[in-house]
Each structure stands twice: as C-alpha cells, then as structure tokens.
Amino acid sequence: MAAVYRRWRPLVHALAGRALGDEREAEDVTQQVFLAAWRGRGGYRPGPGGLGAWLTGITRHKVADALEARTRRARVAEAAARVCARARPEPVPGPERAVERVVLLGELARLPSAQQRVLRLAFYADLTQSQIADRTGIPLGTVKSHMRRALHVMRQSLERCPELGVPQAIR
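Quick look at the structure, then. (Residues numbered from 1 in each chain as written. Predicted model: local features only at pLDDT ≥ 70, side-chain atom pairs only at ≥ 80, totals over all residues. Heavy atoms only, no water.)

**Points about the environment of Asp 126**
Point 1. With respect to the helices, strands and loops of the structure, Asp 126 is situated in the loop between helix H5 (113-123) and helix H6 (129-136).
Point 2. According to the relative accessible area criterion, Asp 126 is partly exposed, its value standing at 29%.
Point 3. For the pair formed by Asp 126 and Arg 73, sequence separation is 53 residues and the distance between their alpha carbons is 8.5 Å.
Point 4. Those residues in contact with Asp 126, other than ones at most four positions away along the chain, are Arg 72, Arg 73, Leu 121 and Gln 131.
Point 5. Looking at Asp 126, its side chain comes within polar contact range of the side chain of Arg 72, at 3.1 Å. (Helix = DSSP H or I, 4+ residues; strand = E, 2+ residues; numbered from the N terminus. Buried < 20%, exposed > 50% of the residue type's maximum accessible area, 1.4 Å probe, protein only. Contact = heavy atoms within 4.5 Å. Polar contact = N/O pair within 3.5 Å; in protein donor to acceptor, adjacent residues only side chain to side chain.)

Here is the structure:
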C-alpha cells in the first residue's frame, strides 16, 4: 500500500486540489481515497485503466462527497445568518428554546434505531449519505430511505405542534 500511495498520491491530490480549490480539503480527500482503496481492495478488478483508473473513480466520489458537505455547511451558515439578521419583535426566552430541543429529542427518540442512527450521523457528525453508508455498512439506498422516512415522520409530528414550528433542518 505504501508503494501505491507513493506512486498515485500526486495524481489523486492534484485531482482533488483542482476540483476543490482548497489545499486542506484536497489533503483530506486524498487520505479518504487511499483509506477507501484499502478498505475496498477486495473489490478491485484490474481493467483497461488499471489501478490509476480505479483510484481516479474513488477520487471523483470522494470529491463529490466533499463538495456536497461544503454546500451543506454553506446552507447552514446562510440560514444561521438569516436567522441572526432577522429582527424579532420579542426575544425568544431561553426556556422556550429548551422546550424545542426537548421536543425534537423526544421525536428523534421515537424513531426506529436505524433511522435515529442515520439522522444523528447526518446532523451531529455532518456526514453525507454516502459517508453514512460507508461508515455503517448500510446500502446507500437504505440510508436515503431511512432519512426520508425519519424526516417525514418528524415533520408530521412537529406540524401538530404549531407553536414550535418545524425547524428548517427537517423541512
């Protein structure tokens, strides 16, 4: 693996750097690519492009995951900025915010454990659906289904409680 890393790291890093435009993110993606290659080494089948093409494919997927996470972080930051910029007629008292958190955690606790796990990894660990599938070993389609169903259930439950409103994250 050390020889493969020495040989192919410059290509993988260059592809990631060009796509992401950020040196630190490119380095992170490079590490993720070789970790994924190590974990998936049993599935490698030499083809016309050989090892380079296989690693390039993994790089494309990891870059897409990094861009998706970047976009999600930007949306969260924009939403937070909008909320902060909005002038509220009355400040929301601390106890009401605590009630919102308790209600959300209660709704989360009512979900099946697999759906809870997927939502916690998405919102608390800031992982993409692909990363959740890789980490948990759950197929990507199942991860997507768990998230969709869980958010739908939580949205329906919270719509029954209009004084709290439905948080942006689960709309």
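From this point, things continue past the structure.
**Observations concerning the nonpolar core**
Point 1. Among the nonpolar cores identified, the biggest contains 15 residues, and Leu 111, Leu 119, Ile 132 and Val 143 are the most heavily contacted of them.
Point 2. Listing elements by their share of this core, those giving two or more residues are H5, H6 and helix H7 (140-159).
Point 3. In terms of residues, this core owes the most to one element, H7, which gives five residues.
Point 4. The contact partners of Ile 132, leaving out residues within four places of it in the chain, are Val 118, Leu 121, Ala 122, Leu 127, Gly 137 and Val 143.
Point 5. Trp 8, Phe 34, Leu 55 and Ile 58 belong to the second-largest nonpolar core, a separate cluster that totals 13 residues. (Core = buried A, V, L, I, M, F, W, Y, C linked by side-chain atoms within 4.5 Å.)

**Let's talk about the packing of H5 against H6**
Point 1. Two elements in contact, H5 and H6, have axes separated by 10 Å at closest approach and are oriented at 125°. As the angle between them shows, H5 and H6 are arranged oblique. Viewed along their axes, H5 and H6 form a crossing whose handedness is right-handed. For the pair formed by H5 and H6, the contact residues are Arg 117, Val 118, Leu 121 and Ala 122 on the first element and Ile 132, Arg 135 and Thr 136 on the second.
Point 2. By residue class, the composition of the contact of H5 with H6 is four nonpolar, one polar and two charged. (Axes fitted to C-alpha atoms, helices over the stretch in contact; angles between N-to-C directions. Parallel < 35°, antiparallel > 145°, perpendicular 65-115°, else oblique. Left-handed = near helix turned anticlockwise from the far one by under 90°. Nonpolar A, V, L, I, M, F, W, Y, C, P; charged D, E, K, R; others polar.)

**Observations concerning the environment of Gln 115**
Point 1. With respect to the secondary-structure elements, Gln 115 resides in helix H5.
Point 2. Residue Gln 115 is classed as buried on the basis of its relative accessible area, which comes to 9%.
Point 3. When the C-alpha positions of Gln 115 and Met 147 are compared, they lie 6.4 Å apart, and in sequence the two are 32 residues distant.
Point 4. Contact partners of Gln 115, with chain neighbours within four places excluded, come to His 146, Arg 149 and Ala 150.

**Description of the packing of helix H1 (residues 2-20) against helix H2 (residues 23-39)**
Point 1. Where H1 meets H2, the closest approach of the two axes is 8 Å, and the angle between their N-to-C directions is 135°. Taken as axis vectors, H1 and H2 run oblique relative to one another. Seen from above, H1 lies across H2 with right-handed handedness. Counting all contacts with H1, which are made through Val 4, Tyr 5, Trp 8, Arg 9, Val 12, His 13, Ala 16, Gly 17 and Leu 20, the residues of H2 involved are Glu 23, Glu 25, Ala 26, Glu 27, Val 29, Thr 30, Val 33 and Phe 34.
Point 2. A per-class count over the contact of H1 with H2 returns 10 nonpolar, three polar and four charged.

**Things to note about the pattern of salt bridges**
Point 1. In the structure shown here, the tally under the stated rule is five salt bridges.
Point 2. Of the charged contacts in the structure, one is a salt bridge between Arg 72 and Asp 126, with a shortest N-O distance of 3.1 Å. With Arg 72 in helix H3 (residues 50-85) and Asp 126 in the loop between H5 and H6, this residue pair connects regions lying 54 residues apart in the sequence.
Point 3. Relative accessible area serves as the criterion here: at 18%, Arg 72 is assigned to the buried category.
Point 4. Taking the shortest distance from any N to any O, the salt bridge between Asp 126 and Arg 73 comes out at 4.0 Å. Taken as a pair, Asp 126 in the loop between H5 and H6 and Arg 73 in helix H3 lie far apart in primary sequence, 53 residues in all. (Salt bridge = Lys/Arg side-chain N within 4 Å of Asp/Glu carboxyl O.)

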